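# Reading the structure
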Amino acid sequence: MAMKNEVRYIQFRTEGTAAKKPASPAPFENTLKLPRRIKRKRVVLRLDPVAILGTAVALGMLIAMVVGLVRLSGAVQEQEQMARYVQQLESQNSVLERTYYHNYDLEELERLATAMGLVPKAEVTQVTIPVEAPTQEPQGFFQKVADFFADLFA
């Protein structure tokens, strides 16, 4: 195998082969000092949609719970009011019962009942009549299904 020649290209600037680099002028010194403008940091808010959704759901549940508690307290107050009303009706009923039982005359009622043809229970004869229940025939599966659909669409 033959050896390859090592080629090196030398690229040094030499006088006469290239244009001279222009020299930069002396820097201008500014003697006037102006206040520097203060850069404000940009406020970047990164919002997570899952966190926002979770917060919205939590707020919705909180509102639902508060509404439920308000309705529950209203129901409890209504139940207490109904309990007081029932107690009032029971006391009124007991007063009316006492008034009723003290104001009728048993002898007058007995006289009216005999006038209408009613008799005392001890004088009535009781007759017992035996009744036999009809026996049902055992039904097959298909008959039960047919009866079910007949009742369903009847």
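On a predicted model such as this, the values are computed, not experimentally measured, just so you know.

### Some remarks on the overall build of the protein chain
- In terms of regular secondary structure, the protein chain is built from three helices and zero strands.
- When the helices and strands of the protein chain are read in sequence order from the N terminus, they spell out α-α-α.
- Carbon and sulfur atoms make up 61% of the accessible area of the protein chain, which amounts to about 17,300 Å² in all.

### A closer look at the confidence of the model for the protein chain
- A residue-level look at the protein chain finds 83% of positions with pLDDT of 70 or above and a mean pLDDT of 85.
- Per-element confidence in the protein chain ranges from a low mean pLDDT of 88 for helix α3 (residues 141-153) to a high of 96 for helix α1 (residues 49-103).

### Focus: the packing of aromatic side chains
- Tallied over the full model, the rule gives six aromatic pairs.
- On the basis of an interplanar angle of 50° and a centroid distance of 5.3 Å, the ring pair of Y100 and Y104 is categorised as tilted.
- Residue classification places Y104 among the partly exposed positions, given a relative accessible area of 31%.
- Of the aromatic side chains, those joined through ring pairs into one cluster are Y100, Y101 and Y104.

### Examining a nonpolar patch on the surface
- A cluster of nonpolar residues, L59, L62, M65, V66, L69, V70, L72 and V76, forms a patch on the protein surface that exposes about 740 Å² of accessible area.
- Structurally, the position occupied by L72 is in helix α1.

### Considering the pattern of salt bridges
- Summed over all chains, the structure comprises one salt bridge.
- Note that R111 and E108 form a salt bridge whose closest N and O atoms lie 2.4 Å from each other. Highlighted residues: R111 and E108, both in helix α2 (residues 106-116), separated by three residues, approximately one helical turn.
- When its relative accessible area of 49% is taken as the criterion, R111 is described as partly exposed.
- By relative accessible area, which is 33% here, E108 ends up partly exposed.

What counts as what
- Starting afresh in each chain, residues are numbered from 1 along the sequence in its written order.
- At least 70 in pLDDT is required for a residue's local features to be given in this predicted model, at least 80 for side-chain atom pairs to be given and counted, and no such filter applies to totals for whole chains, interfaces and linings, which use all residues.
- The basis for every side-chain value is the complete set of heavy atoms in the structure, and neither hydrogens nor water enter the calculation.
- Under the DSSP-based scheme used, a helix requires at least four consecutive residues in state H or I and a strand at least two consecutive residues in state E, with every element numbered from the N terminus.
- The Shrake-Rupley method, run with a 1.4 Å probe, gives the accessible areas here. Residue values count only the displayed protein chains as cover.
- Values of pLDDT, which run from 0 to 100, indicate the predictor's confidence residue by residue.
- Working definition: a ring pair exists when centres of Phe, Tyr or Trp rings (six-membered ring for Trp) sit within 6.5 Å. Plane angles under 30 degrees give stacked, over 60 give edge-to-face, the rest tilted.
- The buried label goes to any residue with under 20% of its type's maximum accessible area, the exposed label to any with over 50%, and the partly exposed label to all in between, with areas taken from a 1.4 Å probe on protein chains only.
- Each patch groups residues whose relative accessible area exceeds 30% and which form no salt bridge, using 9 Å between like charges and 5 Å between nonpolar side chains of Val, Leu, Ile, Met, Phe, Trp and Tyr.
- For salt bridges, the criterion is a side-chain nitrogen of Lys or Arg within 4 Å of an Asp or Glu carboxyl oxygen.

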